[in-house]
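Structural description and commentary
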Amino acid sequence: MGRIVGVARSLQIGWIDVLIAVGLSALAIAEGSGIDSGDFSPAVLLCTAPLVVRRRWPIPVLLAALFGFSIAGNASNLASLAGGLIAAVSVGLDERHPVLGTIAVAAVATGIALEFGRGAYTQLPIPGFLAPFLLIGAAFLAGRVIADRQQQLKQQRDRANELERLHDVAVKAAAEAERRHIARELHDVIAHSVGVMVVQAGAARHILTQKPDAARESLLAVEASGHEAMAELRRLLGVLNENGEAAPMSPQSGVGALESLVSRIREAGLPVELRLEGERRPLPPGVDVAAYRIVQEALTIALKYAGGAPTQAVIRYSGEAIDIEVVDEGEVRTAGEGIGRGLTGMRERVALFGGTLDTGRREGGGYAVRAHLPIETKK
């Protein structure tokens, strides 16, 4: 049984092909002779039995039908005629050899027409010579139409599958981008706030017994930083709610909030000078937030690793870009794990707007972070 199934698959034989071949063959035998013949001709089975392999070899099957008609002559019956037409349709359905198939159909129609021309009988209300061309040609064209329609449907399915694949890729890319965005925002908020809190808590611990009032101010700064971090976390995590509703969000900080940021950094123990150069003008929201986050991350790194050295944060406005420079005079710079994550976040932000980022030790000592963010201008 397994071998039979294997052979059927290799010959592209389907159940419908077996039913057609066996059914028409049985009908041809049951019909017996044609109208003008007294004897049954087994040659009519050449028009029906080969249909079982019509998908694998459509042109040979059609040629076999031609031989069957030629040998049977007037003994051809309706079952054999149906077999010949199905063979012509099968040639039309075959897309492997369209030109050869057309030639074969024309040759078969011509051969049968010559047979009619020698006196073969037809009951069709048309000249006998034209009947084969009309019948076989129509069957062949029907097969071509069906094949074209099937090809169109296949192309439509392929396009739909490709669009679905591209949609899935776009959804995954958007989800990954959003994940990186949220992770970056969380890192910026937590790294900055926790960094300030650690420094302030350490300062409070050192002066707790000697300067309780100053220690109290440091602890208040720790509390304020904690509240700010919690507010930012609630805002960011609000987009992950289960019901999909938009969480209420407050506007994100931009360049206008740098004074407040620098004040908190100063309170944490890092002497920072903020300078704004050039003609100030409104920035696109994305650039505005990116500039704030870059300064925030650079100052957080300086707070952790510059050892309390003087630091400058400079924002320069130009016609088509905004330049950010954060430099410190610290002598010790530890390439800690936090720096790596912070620099990665800054590079992602800068790359998002087609800008550049330059970081590293300064020749005279200290560390520098320089970013260039282009500003899109409307023409």
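Up top is the structure these notes are about.
The rules behind each value
Residues numbered from 1 in each chain as written. Predicted model: local features only at pLDDT ≥ 70, side-chain atom pairs only at ≥ 80, totals over all residues. Heavy atoms only, no water. Helix = DSSP H or I, 4+ residues; strand = E, 2+ residues; numbered from the N terminus. Buried < 20%, exposed > 50% of the residue type's maximum accessible area, 1.4 Å probe, protein only. Areas by Shrake-Rupley, 256 points an atom, 1.4 Å probe, with all protein chains shown as cover. Pairing = 2+ DSSP bridges. Axes fitted to C-alpha atoms, helices over the stretch in contact; angles between N-to-C directions. Contact = heavy atoms within 4.5 Å. Salt bridge = Lys/Arg side-chain N within 4 Å of Asp/Glu carboxyl O. Parallel < 35°, antiparallel > 145°, perpendicular 65-115°, else oblique. Nonpolar A, V, L, I, M, F, W, Y, C, P; charged D, E, K, R; others polar. Expected span 1.5 Å × (residues − 1). Patch = residues over 30% accessible without salt bridge, like charges linked within 9 Å, V, L, I, M, F, W, Y side chains within 5 Å. Core = buried A, V, L, I, M, F, W, Y, C linked by side-chain atoms within 4.5 Å. Polar contact = N/O pair within 3.5 Å; in protein donor to acceptor, adjacent residues only side chain to side chain.

**Examining the overall build of the chain**
A count of helices and strands for the chain gives ten helices and five strands. Taking all 379 residues of the chain together, the buried fraction comes to 39%. When the accessible surface of the chain is summed, it comes to about 21,400 Å², and 61% of that surface belongs to carbon and sulfur atoms.

**A closer look at the sheet that holds strand β3 (residues 321–328)**
The strand order across the open sheet built from five strands is β1-β2-β3-β5-β4, with neighbouring strands paired in mixed fashion. The strands lining the two open edges of the sheet, one partner per strand, are β1 (272–277) and β4 (356–361). Shown here is a sheet whose adjacent strand axes are inclined to one another by a mean of 10°, direction ignored. Bridge analysis of β4 against strand β5 (residues 367–374) gives six bridges, and the strand direction is antiparallel. Note that in β5 the partner of glycine 360 across the bridge is alanine 368. Relative to the sheet, helix α8 (residues 258–267) contacts β1 and β2 (311–317), its axis offset from that of β1 by approximately 165°. Helix α9 (residues 285–305) contacts β1, β2, β3 and β5 of the sheet and is inclined by roughly 10° relative to β3.

**Here we look at the side chain of threonine 48**
Among the structural elements, threonine 48 can be located in the loop between α2 (15–31) and α3 (58–72). Classification of threonine 48 by relative accessible area gives buried; the value is 0%.

**Looking at the pattern of salt bridges**
Under the defined criterion, the tally for this structure stands at ten salt bridges. Among the salt bridges present, the one from aspartate 94 reaches arginine 96, with a minimum N-O distance of 2.7 Å. Exposure remark for arginine 96: the relative accessible area of 39% places this residue in the partly exposed category. Here glutamate 325 ties to arginine 316 by a salt bridge, and the two come within 3.3 Å at their closest N and O atoms.

**Focus: the packing of α8 against α9**
Close contact between α8 and α9 brings their axes to 11 Å; oriented N to C, the two are set at 10°. Between α8 and α9, the interaxial angle falls into the category roughly parallel. Across from Leu258, Leu261, Val262, Arg264 and Ile265 in α8, the residues of α9 making contact are Tyr292, Val295, Gln296, Leu299 and Leu303. Of the residues in the contact of α8 with α9, the class split is eight nonpolar, one polar and one charged.

**Points about α3**
Its 15 residues place the ends of α3 21 Å apart at the C-alpha level, agreeing with the 21 Å of an ideal helix rising 1.5 Å per residue. For α3, the complete set of buried residues consists of Pro58, Ile59, Val61, Leu62, Ala64, Ala65, Leu66, Gly68, Phe69 and Ala72. Following α3 by one or two positions, glycine 73 adopts a phi angle in the positive range, close to 60°.

**Side note on a nonpolar patch on the surface**
On the surface, Leu46, Leu63, Phe67 and Ile71 cluster together to form a nonpolar patch covering roughly 370 Å² of accessible area. Relative to the helices and strands, leucine 63 is located in helix α3.

**Overview of the nonpolar core**
In this structure, Ile322, Ile324 and Leu373 are the most contacted members of the largest nonpolar core, which totals 39 residues. Looking at this core, the elements with two or more residues in it are α8, β1, α9, β2, β3, α10 (337–352) and β5. No other element matches the twelve residues that α9 contributes to this core. In this view, isoleucine 324 contacts Ala291, Ile294, Val295, Val314, Ile315, Val369, Arg370, Ala371 and Leu373; residues no more than four positions away in its chain are not counted. In this structure, Ile59, Ala88, Val108 and Ile136 belong to the second largest nonpolar core, which totals 22 residues.

**Observations concerning the packing of α2 against helix α4 (residues 78–93)**
At a minimum axis separation of 7 Å, α2 and α4 run at an interaxial angle of 150°. Here α4 runs roughly antiparallel to α2, going by the angle between their axes. Where α2 approaches α4, its residues Ile20, Leu24, Leu27, Ala28 and Glu31 are matched on the opposing element by Leu78, Ala79, Ala82, Gly83 and Ile86. Counted by class, the contact of α2 with α4 contains eight nonpolar, one polar and one charged residues.

**Section: α4**
The first and last C-alpha atoms of α4 sit 22 Å apart over 16 residues, in line with the 22 Å expected at 1.5 Å per residue. Turning to α4, its buried residues number three or more, namely Ala79, Ser80, Gly83, Gly84, Ala87, Ala88, Ser90, Val91 and Gly92.

**Considerations on the environment of glutamate 223**
Mapped onto the elements of the fold, glutamate 223 is located in helix α7 (residues 212–237). Here glutamate 223 falls in the partly exposed class, since its relative accessible area comes to 44%.

**Brief notes about the side chain of serine 25**
Position of serine 25 among the secondary structure elements: in helix α2. A polar atom in the side chain of serine 25 sits 2.9 Å from the side chain of threonine 48. Those residues in contact with serine 25 that lie beyond four places of it in its chain are Leu45, Thr48 and Ala49.

**A closer look at the environment of proline 271**
For proline 271, the location among the structural elements is in the loop between α8 and β1. Proline 271 sits in the partly exposed class, given a relative accessible area of 37%. In the structure, proline 271 is positioned 39 residues away from proline 310 in sequence and 5.1 Å away in space, judged by C-alpha atoms. Ignoring anything within four residues of it in the chain, the contact list for proline 271 reads Gly308, Ala309, Pro310 and Thr311.

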